[in-house]
Amino acid sequence: MTTAAIIWTVVKILVMVGFVLNLAGILTWADRRQSAMIQHRIGPNRAVVKVFGKEIRVLGLLHTAADGIKFFTKEDFMPPRADRVLFALAPIIALGAVFALLGAIPFGDTICPHHFVVNWPNIFTGPAVARSGVCSMAPGSVASAVDLTVAPLSIGILYIFAMAGQGIIGAAIAGWSSDNKFSLMGALRAASQMVSYEVTLGMSLIGAMMIYGTVRLDDMVRWQTENTWGIFVQPLAFFLFFAASVAENKRIPFDLPEAESELVSGYFTEYAGMKFGMFYFAEYAEVVTGSMLLVTIFLGGWGLPFFHRDGLTLQFGDWTVAHGLVPHFWMTLLGVVAFFGKVVAVCWVQTFVRWTLPRFRYDQLMKLGWKILLPLSLGNIFVTGVVWLALDKANLAVKNGLRVAADVSQGLVALAITYLVVRGVLGIFAPIKHEQTLLGSSVDEALKHGGTKTGPMQA
């Protein structure tokens, strides 16, 4: 491996790990903040820094820093009869398996350093690269192509499944080694739940792999860039993968391994200090990595509608509305920003799910996985195979119609993104209105009788 390759690898690792660490920390704040908004509460406001006599709260963001300080300073408790080696190893396995997933997830298109060398110092205004193909320099040279994937493996999604399965080991070891019946019960729940939903997780992706014709994640993104996003060709698989991913992360409404009302804290009941912090942080890191996979396989990865490696091409079938070349530097940067922006949006949606749906019973959880989601995923494979074979033998008119439909779907996505961005910007600057809404049968009954009467307060 050359020096340039080592430097690029280190940079890619820092980008991915840094993004996951920071976003996972922000998600701890988002959970508090969004739950307060949904439940009409004040939210996080207790962590304060005083500067020149003024209290700075930063919208509750200081709570994340306070959590980190608390984890580092709390006593590292070890149960007297625990298996000391396995007890200490479990949180390392749980957190390490999450970061191992990042190695095969692409966060941008291929960089052509040769293009920058040739056009230096005009890399910001220089010509665009070709829409397809590879960089012209030979592999191993200083300016050879750079994949924005830490480890661009040919097995792609298979490596993801192999590493994701290691999280089960961490939870199982933690519960068994703690010498606590609640921890053991939580470990059994976690192992059975994660194994059950991993089956659906894998089955839901087979249809996508049939259509994309590859197991490489970067090639899946390129197929979506040239055709349409995976959510349009595999809509059922998208929702199955999303539901199974939430269950795999053990988040509400699937947090049965940690059910506080039943198991105290589940498989990490006996953990304290930074060991507990590693389990706690691994859960939020799993949300981020799961969102990355969802974005990569179903939401176009780093791609945006009508944007390709050479620039913008607004085209519907054979009708080209507009075409503009964009320098390679800006197209690469746009792809990276688009990928991470989509991941943030999916994580935000998962936060809404957490504070909207109630927790399932354990029998309901297993029934949902084995009797509903798994049969649907198998049915999706069958339907995908039949439809794909039929379209493969279709005449040219049908294929041209599908080409136009794919371009129209890209247009709809572009309009939806524009609308959401505009609404988001307007919402940030809009004044906050607090409106109280009373719901429930008792409220309706009281309103029929003229409302409730409040008497004077008594000491």
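Our subject is the structure that appears above.
If you're wondering where the values come from, they're calculated on a predicted model, not measured in any experiment. (Residues numbered from 1 in each chain as written. Predicted model: local features only at pLDDT ≥ 70, side-chain atom pairs only at ≥ 80, totals over all residues. Heavy atoms only, no water.)

Caption draft 1: The arrangement of the nonpolar core in detail. Counting residues in hydrophobic clusters, the biggest one holds 64 residues, and the most contacted among them are Val 288, Met 292, Ile 297, Phe 339 and Val 343. Top contributing element to this core by residue count: helix 12 (residues 273-298), with 10 residues. Residue contacts for Met 292: discarding those within four places in its chain leaves Met 16, Phe 19, Val 20, Leu 102, Ile 105, Phe 339, Phe 340 and Val 343. Ile 173, Ala 174, Tyr 267 and Tyr 271 belong to the second-largest nonpolar core, a separate cluster that totals 13 residues. (Core = buried A, V, L, I, M, F, W, Y, C linked by side-chain atoms within 4.5 Å. Buried < 20%, exposed > 50% of the residue type's maximum accessible area, 1.4 Å probe, protein only. Helix = DSSP H or I, 4+ residues; strand = E, 2+ residues; numbered from the N terminus. Contact = heavy atoms within 4.5 Å.)

Caption draft 2: Structural context of the pattern of salt bridges. Tallied over the full model, the rule gives 14 salt bridges. Linking Asp 179 and Arg 81 is a salt bridge whose minimum nitrogen-to-oxygen distance equals 3.8 Å. Taken as a pair, Asp 179 in the loop between helix 6 (166-177) and helix 7 (181-212) and Arg 81 in the loop between helix 2 (62-73) and helix 3 (84-101) lie far apart in primary sequence, 98 residues in all. Between Asp 109 and Arg 309 there is a salt bridge, with the nearest N and O atoms lying 3.2 Å from each other. Highlighted residues: Asp 109 in the loop between helix 3 and helix 4 (113-119) and Arg 309 in the loop between strand 3 (307-308) and strand 4 (311-316), separated in sequence by 200 residues. Taking relative accessible area as the criterion, Arg 309 reaches 12% and is therefore assigned buried. What emerges from the salt-bridge pattern is a single network uniting Asp 109, Arg 216, Asp 218, Asp 219, Arg 222 and Arg 309. (Salt bridge = Lys/Arg side-chain N within 4 Å of Asp/Glu carboxyl O.)

Caption draft 3: Here's a closer look at the packing of aromatic side chains. In the structure shown here, the tally under the stated rule is 17 aromatic pairs. Taking the centre distance of 4.0 Å and the plane angle of 0 degrees together, the rings of Phe 87 and Tyr 271 count as stacked. Taken as a pair, Phe 87 in helix 3 and Tyr 271 in the loop between helix 11 (260-263) and helix 12 lie far apart in primary sequence, 184 residues in all. Three or more aromatic residues joined by ring pairs make a cluster, and in this case those are Phe 19, Phe 107, Phe 339 and Phe 340. (Phe/Tyr/Trp six-rings, centres within 6.5 Å; stacked < 30°, edge-to-face > 60°.)

Caption draft 4: Inspection of the sheet that holds strand 5 (residues 319-325) at higher detail. Strand order in the open sheet made by the three strands is 3-4-5, with antiparallel pairing throughout. Lying at the two open borders of the sheet, with one neighbouring strand each, are strand 3 and strand 5. With six bridges joining them, strand 4 and strand 5 adopt antiparallel strand pairing. Of the residues in strand 5, the one forming a bridge with Leu 314 is Ala 322. (Pairing = 2+ DSSP bridges.)

Caption draft 5: Expanded view of the packing of helix 6 against helix 7. Look at helix 6 against helix 7: their axes get within 7 Å of each other, and the N-to-C directions meet at 165 degrees. One element, helix 6, and the other, helix 7, form an angle in the roughly antiparallel class. As for the relative orientation of helix 6 and helix 7, their crossing is left-handed in sense. Contacts between helix 6 and helix 7 involve Gly 167, Ile 168, Ala 171, Ala 172, Gly 175 and Trp 176 on the former and, on the latter, Ser 183, Leu 184, Ala 187, Ala 190, Ala 191, Met 194, Val 195 and Glu 198. (Axes fitted to C-alpha atoms, helices over the stretch in contact; angles between N-to-C directions. Parallel < 35°, antiparallel > 145°, perpendicular 65-115°, else oblique. Left-handed = near helix turned anticlockwise from the far one by under 90°.)

Caption draft 6: Here's a closer look at the packing of helix 3 against helix 6. With their axes 8 Å apart at the nearest point, helix 3 and helix 6 run at an angle of 160 degrees to one another. Our classification of the angle between helix 3 and helix 6 gives roughly antiparallel. For the pair helix 3 and helix 6, the crossing hand works out as left-handed. Across from Leu 86, Phe 87, Ala 90, Ile 93, Ala 94 and Ala 97 in helix 3, the residues of helix 6 making contact are Gln 166, Gly 167, Ile 169, Gly 170, Ile 173, Ala 174, Trp 176 and Ser 177.

In short, shape yes, function no, at least from these values alone.
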